[in-house]
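# Remarks on the overall topology
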Amino acid sequence: MTGKPTVSLVISVWNRKDDLRENLRAIAAQSVPADQVIVVDNASHDGTPEMVLAEFPWVQLIRMPHSRYGACETFNVGFASARGEFTGILDDDVVLPPTFVEQMLAKFAQEPATTAILSPKVREPEMPEWYLTSPAINRERYLPTFRGCGSMARTQALREANWYDIRFFIFGNERDLTTRLLNLGYRVKMVPSIEVFHKAPFGMRHGKRSLYYHVRNFWLYAFKYLPWSQVLAFPFRFLGKRLGGKKEGAGGEVADAVGTIGLFENIKSVKWGWWVCVKATLAALGSLPYCLKHRQVCRHPDFEPPLR
């Protein structure tokens with residue numbers, strides 16, 4: 001490969017005009033500019049697409065016809081339009097450092113072709129010091145998932161893995177995509193020397209919608225990739241370990257799937273939280289034929305379910 005590799009940055013947005021503006025300003029200030037910036041707007045009604053057209057005419061804006069698409073599908077529309085050799089995967093509310101593209105390309109140049117995605121260190125509001133300073137997120141290592149708010153991927157690897165599974169809709173889709181990449185012989189690496197700021201609160205987002213999709217999508221993922229012995233044992237291990245909490249010493253631990261941290265807290269805070277989990281599990285069972293059709297148990301050494 002000669003010269004600077006080409007880079008496409010893909011952002012999915014819905015009703016976050018001000019956050020997206022800050023995001024695009026940070027992209028415009030990159031020390032090494034991206035060759036293509038794609039914003040997929042999920043039919044926002046707060047003036048987001050109009051803002052992009054007026055203030056950032058160099059951005060390729062794709063407007064979805066309605067807002068019922070999930071994040072997986074809108075990202076896939078952006079991925080399909082990416083022309084760069086590398087594709088940045090960015091949430092609308094992330095703020096990149098000015099050297100993000102430069103550092104990502106420099107790191108990829110040192111990596112073998114099997115490194116499909118580089119995942120940065122992410123800072124979020126309310127992220128506790130014990131988490132930020134933990135050895136696990138401050139050393140380079142291979143991962144079973146990646147931070148979908150601000151990572152970069154080899155475009156060809158994304159194509160080979162067929163992008164996100166749109167059945168996931170939202171949440172947990174990064175772990176699913178990573179597992180398919182692992183099954184193709186690729187790897188995902190955490191690079192803490194590259195750091196981005198994500199405005200979303202630390203840990204699992206509260207509310208019925210978040211709880212429902214996190215639980216349902218875990219089962220979809222389990223049915224697709226875990227040995228049946230682990231699938232059957234999971235409810236008991238889940239109750240014993242609780243997927244971590246947000247406080248150190250009270251179940252809190254470093255988890256690569258940051259969105260699951262605090263799951264039990266969410267179950268308790270949501271009205272009829274356990275019933276939401278039951279409905280999500282039943283919905284996943286309804287998708288069992290789909291999961292069996294796409295089932296490929298992952299035995300890659302980097303593979304790791306949420307509970308070891």
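Scroll up to find the structure.
Everything numeric in this text was worked out from a predicted model, so none of it was measured.

## Here's the deal with the overall build of the chain
A tally of regular secondary structure across the chain gives 12 helices and nine strands. Relative to a compact globule of 308 residues, whose C-alpha radius of gyration would be 19 Å, the chain shows 19 Å and is just as compact. Taken over the C-alpha atoms alone, the chain extends approximately 50 × 45 × 40 Å along its principal axes. Here the chain holds 308 residues, and the buried ones make up 56% of them. Within the chain, contacts between residues separated by at least 24 positions form 81% of all contacts whose residues are at least 6 apart in sequence. As displayed, the chain offers around 13,600 Å² of accessible surface, 56% of which is attributable to carbon and sulfur atoms. Seen as two clouds, the 39 positive and the 30 negative side-chain charges of the chain have centres 7 Å apart.

## Details of a nonpolar patch on the surface
A surface patch of nonpolar side chains, about 560 Å² in accessible area, is lined by W272, W275, V278, L282 and L285. The residue W275 is located in helix 11 (residues 273–286) in this model.

## Observations concerning helix 7 (residues 173–183)
For helix 7, a buried count of 10 out of 11 residues is recorded, marking the element as mostly surrounded by other parts of the structure. Buried residues of helix 7: N173, E174, R175, D176, L177, T178, T179, R180, L181 and L182, and no others. Tucked into the core, helix 7 has its buried residues touching helix 3 (71–81), strand 6 (115–123), strand 7 (141–143), helix 6 (155–161), strand 9 (187–198) and helix 8 (208–225).

## Structural notes on the packing of helix 8 against helix 11
Where helix 8 meets helix 11, the closest approach of the two axes is 8 Å, and the angle between their N-to-C directions is 40°. By crossing handedness, the relation of helix 8 to helix 11 is classed as right-handed. Where helix 8 approaches helix 11, its residues K208, L211, Y212, V215, R216, W219, L220 and F223 are matched on the opposing element by G273, V276, C277, K279, A280, T281, A283, A284 and L285.

## Brief notes about the environment of I166
Relative to the helices and strands, I166 is located in the loop between helix 6 and helix 7. Judged by relative accessible area, which is 44%, I166 ranks as partly exposed. Residues I166 and E85, spaced 81 residues apart in sequence, show a C-alpha to C-alpha distance of 23 Å. Ignoring any residue separated from it by four or fewer positions in sequence, one finds I166 in contact with C72, E73 and N76.

## Comments concerning the nonpolar core
Nonpolar side chains in soluble globular proteins tend to be buried together. Counting residues in hydrophobic clusters, the biggest one holds 57 residues, and the most contacted among them are Y164, L181, L211 and W219. At nine residues, helix 8 tops the list of elements feeding residues into this core. Setting aside chain neighbours within four positions, we find W219 in contact with V231, F234, P235, T281 and A284. In this structure, V32, F108, I194 and V196 belong to the second largest nonpolar core, which totals 31 residues.

## Some thoughts on the side chain of K189
Mapped onto the secondary structure, K189 falls in strand 9. On the basis of relative accessible area, K189 is assigned to the buried category, the value being 11%. Within the structure, the side chain of K189 is placed 3.3 Å from the side chain of E140, a separation counted as a polar contact.

## Notes on unusual backbone geometry
Phi is positive for E126, which is not a glycine, with a value near 70°. Residue position: E126 is located in the loop between strand 6 and helix 5 (129–132). Looking at E126, the relative accessible area reads 66%, which means it is exposed. Here the phi dihedral of F171 falls at roughly 75°; this positive angle occurs in a residue that is not glycine. Inspection of the secondary structure assignment puts F171 in the loop between helix 6 and helix 7.

What counts as what
- Residues numbered from 1 in each chain as written.
- Predicted model: local features only at pLDDT ≥ 70, side-chain atom pairs only at ≥ 80, totals over all residues.
- Heavy atoms only, no water.
- Helix = DSSP H or I, 4+ residues; strand = E, 2+ residues; numbered from the N terminus.
- Rg over C-alpha atoms; globule rule 2.2 N^0.38 Å.
- Buried < 20%, exposed > 50% of the residue type's maximum accessible area, 1.4 Å probe, protein only.
- Contact = heavy atoms within 4.5 Å.
- Areas by Shrake-Rupley, 256 points an atom, 1.4 Å probe, with all protein chains shown as cover.
- Lys, Arg positive; Asp, Glu negative; His and termini not counted.
- Charge placed at Lys NZ, Arg CZ, Asp CG, Glu CD.
- Patch = residues over 30% accessible without salt bridge, like charges linked within 9 Å, V, L, I, M, F, W, Y side chains within 5 Å.
- Salt bridge = Lys/Arg side-chain N within 4 Å of Asp/Glu carboxyl O.
- Axes fitted to C-alpha atoms, helices over the stretch in contact; angles between N-to-C directions.
- Left-handed = near helix turned anticlockwise from the far one by under 90°.
- Core = buried A, V, L, I, M, F, W, Y, C linked by side-chain atoms within 4.5 Å.
- Polar contact = N/O pair within 3.5 Å; in protein donor to acceptor, adjacent residues only side chain to side chain.

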